[in-house]
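# Observations on chain architecture
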Amino acid sequence: MSSVYLSGPMVGLTWPEAIGWRQKVREQLFNLGYTVLVPGRTEPWASDVYNNVPMSNGSAADLLKHDMLDVRDADIVLVNLLQWSEGAPATGTFMELGAAYALNKKIIVVLRSPNEHPFLKEAATKVVTSLEEAVAWLERVHPAYQHAPEHRAPMGFRLPHNTPPMYTVRAK
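Rules behind the numbers
Residues numbered from 1 in each chain as written. Predicted model: local features only at pLDDT ≥ 70, side-chain atom pairs only at ≥ 80, totals over all residues. Heavy atoms only, no water. Helix = DSSP H or I, 4+ residues; strand = E, 2+ residues; numbered from the N terminus. Contact = heavy atoms within 4.5 Å. Areas by Shrake-Rupley, 256 points an atom, 1.4 Å probe, with all protein chains shown as cover. Salt bridge = Lys/Arg side-chain N within 4 Å of Asp/Glu carboxyl O. Buried < 20%, exposed > 50% of the residue type's maximum accessible area, 1.4 Å probe, protein only. Pairing = 2+ DSSP bridges. Right-handed = clockwise from strand over helix to strand, strands pointing away. Axes fitted to C-alpha atoms, helices over the stretch in contact; angles between N-to-C directions.

### Notes on the overall build of the chain
Along its length, the chain carries five helices and five strands. Going from the N terminus to the C terminus, the chain shows its helices and strands as β-α-β-α-β-α-β-α-β-α. In the chain, the share of contacts with a sequence separation of at least 24, taken over all contacts with a separation of at least 6, comes to 71%. Approximately 8,800 Å² of the chain is accessible, and the part contributed by carbon and sulfur atoms is 55%.

### Details of the pattern of salt bridges
Any two side chains of opposite charge can pair, given that their charged atoms come close. By the definition in use, this model includes two salt bridges. Measuring nitrogen to oxygen at the nearest pair gives 3.6 Å for the salt bridge that ties Lys 24 to Glu 132. Taken together, the positions of Lys 24 in helix 1 (residues 15–31) and Glu 132 in helix 5 (residues 131–145) put the pair 108 residues apart, joining distant regions of the chain. By relative accessible area, Lys 24 is classed as partly exposed at 45%. Among the residues examined, Glu 132 registers a relative accessible area of 48% and is labelled partly exposed. Put simply, Asp 73 and Arg 72 hold a salt bridge, and the shortest N to O gap is 3.0 Å. Looking at Asp 73, the relative accessible area reads 22%, which means it is partly exposed.

### With respect to the pairing of strand 1 (residues 3–7)
Strand 1 sits mainly inside the fold: five of its five residues count as buried. With burial as the criterion, each face of strand 1 is covered, one bearing Ser 3, Tyr 5 and Ser 7 and the other bearing Val 4 and Leu 6. Pairing between strand 1 and strand 2 (residues 35–37): three bridges, direction parallel. Bridging across to strand 2, Ser 3 finds its partner in Thr 35. With respect to chirality, the unit in which strand 1 leads through helix 1 into the neighbouring parallel strand 2 is right-handed. With four bridges connecting them, strand 1 and strand 3 (residues 76–80) associate as parallel partners. Counterpart to Leu 6 in the pairing with strand 3 is Leu 78.

### Topic: the sheet that holds strand 5 (residues 126–128)
With respect to topology, five strands assemble into an open sheet ordered 2-1-3-4-5, the strand pairing being parallel. Unpaired on one side and paired on the other, strand 2 and strand 5 mark the two borders of the sheet. Between one strand axis and the next, the sheet turns through 20 degrees on average, direction left out of account. Lying over the sheet, helix 1 contacts strand 1, strand 2 and strand 3, oriented at roughly 170 degrees with respect to strand 1. Running over the sheet, helix 2 (residues 60–73) touches strand 1, strand 2 and strand 3 and is turned about 140 degrees from strand 1.

Structure (structure tokens):
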């Protein structure tokens, strides 16, 4: 079964802005047979949203570690930048995008305009302008990634080997 990590800005957004799209896309992808990984599952506020997966103390080190492990474990990283603007922080999102690129992951970038920064287009496997288009693309390619070979990390990029099991977030 293929897995998708849902990346996108959270800081500076309202709860519905940060979480709402993840809940909707999570359900759609789960119904297509994907395992869905979500950021923030280690934060205390996430227990109700993410079906009570194990929590940590919510430290920055724990958040970074868990999000990077999820990026590493995912087959595909969906990066939603529809809510990002030049003045808004998206540091975590861009770290996840960089890690996915370094790990040679399939990356779908959702942009308001396909003419955004050339690095975003170059890093992406696919660039789309809506979440609906991203889900439709994942529906079309799903069989191709079901039995994808292990991804190898280029450029010597490594994450710790003492990894927790991959968590499946199930749609309600």
